[in-house]
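# Examining the three-dimensional arrangement
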Amino acid sequence: MSQPSKEKVCLIGSGNWGSAIAKIVGRNVVKFDNYDSEVRMWVYEEIVHGQRLTDIINTQHENVKYLPNVKLPDNIVAVPDLLQTVQDATLLVFVIPHQFVKGVCEQLKGKLHPNARAISLIKGVDISNGGLNLISDMIQENLEIDVSVLMGANIASEVAMENFCESTIDRKNGEAFHKALHSPYFRVAIVDDVAGVELCGALKNVVAIGAGLIDGLKMGENTKAAIIRIGVMEMKKFSQTFYKGVKDETFLESCGIADVITTCFGGRNRRVAEARVRTGKSFETLEKEMLNGQKLQGTLTAKEVHEILKSKNMVKEFPFFTAVYRVCYEGLAPKNLVDEI
Ligand SMILES: NC(=O)C1=CN([C@@H]2O[C@H](COP(=O)(O)OP(=O)(O)OC[C@H]3O[C@@H](n4cnc5c(N)ncnc54)[C@H](O)[C@@H]3O)[C@@H](O)[C@H]2O)C=CC1
Ligand SMILES: O=C(CO)COP(=O)(O)O
């Protein structure tokens, strides 16, 4: 039974990033007195090699499917039941692919600890109500709790290897989470711009699809740099058009230019987009063939961004985002991407 004065952290999600962040959180909560030492991690249950994934994680202390060969601390407890995961939790870390957030929130409505606060590590946007919504706002509106965000240049497998990197958290309520997430190899900077941080995280995945297509076309580094520059300009314009307070400086943080770079060179969105050109197969097929259950976020985000732009009559003002969308969903040949921008 947890003591009321202690913060109890739980993780909602256990994919590639969810598992890497579990390693950091699991270690941090035992370093400080103000945390309960057990961290429950919600696992979308599945059978792996004939065994339940939760059982494998709880006995081998390894998420063999989504983050193989990385030991998780013993105090990370995999739980298949969502409501049991959040029971007594005061600090909730949301780390699931963005298409599943709505369903998860519906199950959690009215079921949280009165002092619960959340942080979202989810890169994506929500358009389910017809307009543009941040994932953090969607969680906040559904669950009536404060929600912060953490985004950065953080390819999960590299974070799990403890290679130094940086990340960005917002000041709003992020300070409550900072101690649980920061470590010497995962340096978390606090900034004052929730929407800017979150939109950087979501939109860079669209840029990475574009960069991967250019890699597949073997057009070289100058072209890729041009695509990245144009992509960052559209990220900034889009963010500042829809959220007036978004700051220029945010794009220079880890969540901004650094995440664009790492994702455009080492991420899954880039890798699958490159294979799309090389093989001619669809993104959907390649996601299944190449990612072993992990999810692409960039193609869906390109579609969501396009729907918002269309509804505002602004498609022509974002030629790069539009061209990426058209390659993903309207059969535009990747080789014609640069002619569109
Ligand atoms: N992997 C990475 O390097 C990073 C990922 N992120 C972001 O973190 C978020 C989560 O991504 P990952 O942890 O990488 O996940 P992932 O893509 O590795 O794994 C997919 C996860 O979704 C779960 N899942 C499948 N169907 C589901 C359903 N119907 N309902 C709920 N969950 C379901 C799977 O069990 C699995 O845990 C994404 O928004 C991603 O952009 C952010 C930084 C780094
Ligand atoms: O967000 C990421 C790195 O910061 C991971 O990007 P991918 O989803 O493209 O692998």
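Report on the accompanying structure.

The rules behind these values
Residues numbered from 1 in each chain as written. Chains lettered and ligands numbered in written order. Predicted model: local features only at pLDDT ≥ 70, side-chain atom pairs only at ≥ 80, totals over all residues. Heavy atoms only, no water. Pairing = 2+ DSSP bridges. Helix = DSSP H or I, 4+ residues; strand = E, 2+ residues; numbered from the N terminus. Axes fitted to C-alpha atoms, helices over the stretch in contact; angles between N-to-C directions. Contact = heavy atoms within 4.5 Å. Polar contact = N/O pair within 3.5 Å; in protein donor to acceptor, adjacent residues only side chain to side chain. Near = heavy atom within 4 Å. Areas by Shrake-Rupley, 256 points an atom, 1.4 Å probe, with all protein chains shown as cover. Nonpolar A, V, L, I, M, F, W, Y, C, P; charged D, E, K, R; others polar. Domains from an automatic or database assignment.

### Quick word on the sheet that holds strand S11 (residues 165-170)
Pairing within the open sheet is mixed, and its 8 strands lie in the order S5-S2-S1-S6-S7-S10-S11-S12. Of all the strands in the sheet, the pair left with one neighbour each is strand S5 (76-79) and strand S12 (186-191). Mean inter-strand twist for the sheet, computed between neighbouring axes without regard to direction, equals 25°. Where S11 lies against S12, 6 bridges are found, and the strand directions are parallel. The residue of S12 that forms the bridge with Cys165 is Phe186. On top of the sheet, helix H5 (residues 135-143) reaches strand S6 (91-94), strand S7 (117-120) and strand S10 (147-151); it is set at about 155° to S10, its chief contact.

### Comments concerning the side chain of Arg270
Within the secondary structure, Arg270 sits in helix H11 (residues 268-279). Within polar-contact distance, the side chain of Arg270 engages the side chain of Asp215 at 2.7 Å.

### Considering the site of ligand 2
For ligand 2, the full set of nearby residues is Lys123, Gly152, Ala153, Asn154, Ile155, Lys204, Asp259, Thr263, Gly267, Arg268 and Asn269. Lys204 places a polar side-chain atom, nitrogen or oxygen, 2.7 Å from an oxygen atom of ligand 2. Backbone polar atom of Arg268 to an oxygen atom of ligand 2: 2.7 Å apart, as the coordinates give it. Burial of ligand 2 by the protein chains amounts to 91% of its free accessible area of 310 Å². At the level of elements, helix H10 (254-266) and H11 are the ones that each hand at least two residues to the shell around ligand 2. Considered class by class, the residues forming the shell around ligand 2 number 2 nonpolar, 5 polar and 4 charged. Shared between two domains, the shell around ligand 2 takes at least three residues from each, and those domains are domain 1 (9-192) and domain 2 (201-336).

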